[in-house]
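# Structural description and commentary
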Amino acid sequence: MELEIDENLVQIIQIATEKALLKLFEEHKEKFYYCSLITTGEGLCPIISAWSVEALERVANESGDAEEAKYYLKWSYAETPYFAYGEDFFKNVKNVFVERMNKLKTAEERKREVQVRINSMEKVMHNLDVKGMFGRG
């Protein structure tokens, strides 16, 4: 079964995501190991979340037990200092998401729309990976 993707969504999400990530990488010359595009269960406008080795070290060192903190923080999308980084780039995406959802009448249509959004977000991250956004190896 092929995943349903909306190429228009892919395009606008990819533009915003690429701009946000490029700004992140330019302003923070760190070793990023985690870059994610996330949304809610309701399929609200996506945001990026990212961790670098250096950010993890800084945040973990603020706790009483740095090693234990690293264990719990390493993959936390919400506790990174780079949560929702570049959010301003997603204003157009947010507007499109709201417009699309407002046109839907049934719970089934909304459920399908959320899945299309998630599939489109996955395609965006794949596209950016193919472009070399996340490095090599």
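Above this note sits the structure.
In this report, the structure presented in the accompanying data block is examined. Note that the coordinates shown come from a computational prediction; the quantities given were computed from them, not determined experimentally.

## So, the packing of helix H1 (residues 7-27) against helix H5 (residues 107-130)
Relative to each other, H1 and H5 sit at 50°, their axes nearing to 9 Å. Judged by the angle between their axes, H1 and H5 are oblique. By crossing handedness, the relation of H1 to H5 is classed as right-handed. For the pair H1 and H5, contact is made by Glu 7, Leu 9, Val 10, Ile 13, Gln 14, Thr 17, Glu 18 and Leu 21 and by Glu 113, Val 116, Arg 117, Ser 120, Met 121, Lys 123, Val 124, Met 125, Asn 127 and Leu 128, respectively.

## Comments concerning the packing of aromatic side chains
Think of a pair of aromatic rings as described by two things: how far the centres are apart, and how the planes are tilted against each other in angle. Per the counting criterion, the structure on display carries 7 aromatic pairs. Aromatic side chains Tyr 33 and Trp 75 sit 5.3 Å apart centroid to centroid with 90° between the ring planes, which places their arrangement in the edge-to-face category. Of this pair, Tyr 33 sits in strand E1 (residues 32-38) while Trp 75 sits in the loop between helix H3 (66-73) and helix H4 (91-102), and the two are 42 residues apart along the sequence. Residues Tyr 34 and Trp 75 carry aromatic rings whose centres are separated by 5.9 Å and whose planes lie at 70° to one another, so their mutual orientation is edge-to-face. Placement of Tyr 34 in strand E1 and of Trp 75 in the loop between H3 and H4 is noted, with a sequence separation of 41 residues between them. The class for Tyr 34 is buried, based on a relative accessible area of 14%. A connected cluster of aromatic rings, assembled from ring pairs, spans Phe 25, Phe 32, Tyr 82 and Tyr 85. Over the face of the ring belonging to Tyr 33 we find Lys 74, whose NZ or CZ atom lies 5.8 Å from the ring centre.

## With respect to the nonpolar core
Among the nonpolar cores identified, the biggest contains 29 residues, and Ile 13, Leu 37, Ile 48, Phe 90 and Val 93 are the most heavily contacted of them. When contributions to this core are tallied by element, the ones reaching two or more residues are H1, E1, strand E2 (47-52), helix H2 (53-61), H3, H4 and H5. Beyond its immediate chain neighbours, meaning those up to four positions away, Ile 48 contacts Thr 17, Ala 20, Leu 21, Ser 36, Leu 37, Tyr 82, Phe 83, Ala 84, Tyr 85 and Phe 90.

## Description of unusual backbone geometry
A positive phi angle, close to 60°, is found at Ala 84, a residue other than glycine. Along the polypeptide, Ala 84 turns up in the loop between H3 and H4. Ala 84 gets classed as buried once you look at its relative accessible area, which sits at 14%.

## Concerning H1
It helps to recall that an α-helix has 3.6 residues per turn; residues three or four apart then point in one direction. Here H1 spans 30 Å end to end across 21 residues, near enough to the 30 Å set by a 1.5 Å rise per residue. Buried residues along H1 sit against E1, E2, H4 and H5. The backbone nitrogen of Asn 8 has a side-chain oxygen 2.8 Å away, supplied by the residue at the start of H1, namely Asp 6.

Here is what the cut-offs are and how they apply
Residues numbered from 1 in each chain as written. Predicted model: local features only at pLDDT ≥ 70, side-chain atom pairs only at ≥ 80, totals over all residues. Heavy atoms only, no water. Axes fitted to C-alpha atoms, helices over the stretch in contact; angles between N-to-C directions. Helix = DSSP H or I, 4+ residues; strand = E, 2+ residues; numbered from the N terminus. Parallel < 35°, antiparallel > 145°, perpendicular 65-115°, else oblique. Left-handed = near helix turned anticlockwise from the far one by under 90°. Contact = heavy atoms within 4.5 Å. Phe/Tyr/Trp six-rings, centres within 6.5 Å; stacked < 30°, edge-to-face > 60°. Buried < 20%, exposed > 50% of the residue type's maximum accessible area, 1.4 Å probe, protein only. Lys NZ or Arg CZ within 6 Å of the ring centre and 35° of its normal. Core = buried A, V, L, I, M, F, W, Y, C linked by side-chain atoms within 4.5 Å. Expected span 1.5 Å × (residues − 1). Polar contact = N/O pair within 3.5 Å; in protein donor to acceptor, adjacent residues only side chain to side chain.

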